[in-house]
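# Results of the structural survey
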Amino acid sequence: MTYPKLFRALSLSLAVCAGASLLVGCGSKTIVIVEPDTPPTGETEVEVVVVDPQRDLVEIRSAAQLSFENDRLNAMLRIAKRIDLSREGQLALVEQAAEVLKFDSHRAELLMAVARHPALRHDTLLALYAAVETLKFESNRVRLMRALEKAKPVDAASGELTIGV
């Protein structure tokens, strides 16, 4: 990224942050700025995502109460793949994997989805390492450990502006 584009992206990010802070207040929400592509005109388009931890936790609790395990797994996988998943949501998914998923392959699948999250947090990574012991089959443990070795957590604190370029 060239300096003019970087400056334009940072200026836009700061403006969006200031405007969003007026809209959402000083709560525990995080604003994520994602720059998917640069159009041929050279202008930078950004997508603003507001992360809401409360929404994630309520949604995960609801998914955990579904009657069938496949439905619980699919609902939690959809949550785990969202770009706007909060730190609290990541940790709750790791916790719920052991509590509500009985099949080892389902637990491993959910933990792998969390491990692959592009905004994986360091404390979530530590929770994932601890969750390895909840897996019964060695093949699932090895697969998860390999994914965790490749994971690159972001260490942005809650409420911090994150710019993905």
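Every value quoted in this text rests on a predicted model; they were computed, and no experiment measured them. (Residues numbered from 1 in each chain as written. Predicted model: local features only at pLDDT ≥ 70, side-chain atom pairs only at ≥ 80, totals over all residues. Heavy atoms only, no water.)

## So, the packing of helix 6 (residues 122-131) against helix 7 (residues 138-150)
- Their axes nearest at 10 Å, the elements helix 6 and helix 7 cross at an angle of 160°. As far as their axial angle goes, helix 7 and helix 6 are roughly antiparallel. The handedness of the crossing between helix 6 and helix 7 comes out as left-handed. Within the contact between the two elements, helix 6 uses L125, L128 and Y129 and helix 7 uses L144, M145, L148 and E149.
- Taken together, the residues of the contact of helix 6 with helix 7 break down into six nonpolar, no polar and one charged. (Axes fitted to C-alpha atoms, helices over the stretch in contact; angles between N-to-C directions. Helix = DSSP H or I, 4+ residues; strand = E, 2+ residues; numbered from the N terminus. Parallel < 35°, antiparallel > 145°, perpendicular 65-115°, else oblique. Left-handed = near helix turned anticlockwise from the far one by under 90°. Contact = heavy atoms within 4.5 Å. Nonpolar A, V, L, I, M, F, W, Y, C, P; charged D, E, K, R; others polar.)

## Description of the environment of E133
- Among the secondary structure elements, E133 is positioned in the loop between helix 6 and helix 7.
- Between the C-alpha atoms of E133 and A98, which are 35 residues apart in sequence, the distance is 9.9 Å.

## Notes on the confidence of the model for the protein chain
- Scored by pLDDT, the protein chain comes out at a mean of 77, with 63% of its residues at no less than 70.
- Low pLDDT (under 50) marks residues 1-28, which in the prediction has 25 contacts with non-local residues, meaning those over four places away or in another chain.
- In the model, residues 156-165 has pLDDT below 50 throughout and makes 25 contacts with residues more than four positions away in sequence or in other chains. (pLDDT = per-residue confidence, 0-100.)

## Here we look at the pattern of salt bridges
- Within the structure shown, the criterion is met by 10 salt bridges.
- R82 serves as the salt-bridge partner of D84, at 3.2 Å between the closest nitrogen and oxygen. Across this residue pair, the class does not change: D84 and R82 are buried.
- With a closest N to O distance of 2.5 Å, R87 and D123 form a salt bridge. In this pair, R87 is assigned in helix 4 (residues 87-100) and D123 in helix 6, connecting sequence segments 36 residues apart.
- Note on D123: relative accessible area 26%, which makes it partly exposed.
- A single network of salt bridges, built from pairs that share partners, joins R55, D56, E59, R82 and D84. (Salt bridge = Lys/Arg side-chain N within 4 Å of Asp/Glu carboxyl O. Buried < 20%, exposed > 50% of the residue type's maximum accessible area, 1.4 Å probe, protein only.)

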